[in-house]
Amino acid sequence: MSFNYQQTGLGQETDYASDYNPQLLCPLPRSQGRQELSLSKDLPFQGVDVWHNYEASWLNAKGKPQVAIVQLLVPCTSIFLIESKSLKLYFNSLNFKKFNNQKEFLSLLETDLSKAAQAPVKARLFAVDNAYQLRQLQGQCLDNLEIECDDYVLNPTILSCQPAAQIVSESLYSHLLRSNCPVTNQPDWGSVQISYTGYALNHENLLRYLISFRQHNDFHEQCVERIFTDIMQYCQPQQLTVQAHYTRRGGLDINPYRSNCQPFVEFQRLARQ
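Calculation rules
Residues numbered from 1 in each chain as written. Predicted model: local features only at pLDDT ≥ 70, side-chain atom pairs only at ≥ 80, totals over all residues. Heavy atoms only, no water. Disulfide = S-S within 2.5 Å. Helix = DSSP H or I, 4+ residues; strand = E, 2+ residues; numbered from the N terminus. Salt bridge = Lys/Arg side-chain N within 4 Å of Asp/Glu carboxyl O. Buried < 20%, exposed > 50% of the residue type's maximum accessible area, 1.4 Å probe, protein only.

*Asks:* Looking at this structure, how should I read the state of the cysteines?
*Replies:* Throughout this description, disulfide means a covalent bond between two cysteine sulfur atoms. Tallying each qualifying case throughout the model produces 0 disulfides. The closest cysteine sulfur to the non-disulfide-bonded Cys76 is located on Cys261, 13 Å from its own sulfur. Of all cysteine sulfurs, the one in Cys141 lies closest to Cys149, which takes part in no disulfide; the gap is 14 Å.

*Asks:* What am I meant to see in unusual backbone geometry here?
*Replies:* Where the residue is not glycine, phi is negative for most of them; where a peptide bond is considered, it is trans in most cases. Despite not being glycine, Ser38 has its phi angle at roughly 60°, a positive value. Along the polypeptide, Ser38 turns up in the loop between helix 1 (30-36) and strand 2 (46-59). In this structure, Ala164 takes a positive phi of about 50° despite not being glycine. The topology assignment puts Ala164 in the loop between strand 6 (140-141) and strand 7 (167-180).

*Asks:* Looking at this structure, I do not really get the pattern of salt bridges. What am I missing?
*Replies:* A side chain of one charge can pair with a side chain of the opposite charge if their charged atoms are brought near each other. Taken as a whole and assessed by the stated rule, the structure comprises 8 salt bridges. Glu225 is the salt-bridge partner of Arg34, the closest N and O atoms lying 2.7 Å from each other. Of this pair, Arg34 sits in helix 1 while Glu225 is found in helix 5 (residues 220-235), placing the two residues 191 residues apart along the sequence. One exposure class covers both Arg34 and Glu225, and it is buried. Among the ionic pairs, Arg249 bridges to Asp188, the shortest N-O distance being 2.6 Å. Residue Arg249 is located in the loop between strand 9 (239-246) and strand 10 (252-259), and its partner Asp188 is located in strand 8 (residues 187-199); the two are separated by 61 residues in the primary sequence. Among the ionic contacts, a cluster of salt bridges with common partners joins Arg30, Arg34, Asp49, Glu225 and Arg258.

Written as structure tokens, this is what we have:
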């Protein structure tokens, strides 16, 4: 059964509240997307959704506006993910709320978001003059492969290993990931890195598979979990880590991380973010 987003008010014209209102947050059950992937409560991966809000603002005790970059870490084990537009509306409702200090601001964020996600959400602040250094993804970029593409409908059966493949450890990445928001149908652009140990993947077919997301409707988090489970099903690597770096929309970016071997350590921003 598909989720009825109309019942949530998502995808509809919205007024921007100037009064603090945590009820603006719209939690969506992770279970629906995971049912489509035949995932049970015993997940085959660990990970987090790393969010950034580049437009966070509030008032100090004297009413002076404050700005910062907010990082949120939402565990993949949370019952709910939080829809991005509702998160933006929630943050906007804090623009005229006074806080005695940054710790008080972060505490409220963690309380409200943990309640919405039904899991402990961690929040950090970065000063706008002391934020992330840009980085480049490590490994081999697939985007320069000369391939023909005529299939833009998600097709995991494209995935395969090299003929007479040997066990290898390698990191591959592409900047050609594009999927669509299931609420608004707007395109979501991102870069994805895939690191694994197992029989050598067919690079051309992996790139074709990633390109086949081009007309697929799914949330960022579910796209990454789909990539993880599809590679595990069709290529069966011993170890696998998938991380996507999506470009921001409305001041927010989402960077899901899933791995069966490496816990998330830290985030570094790409140029398109």
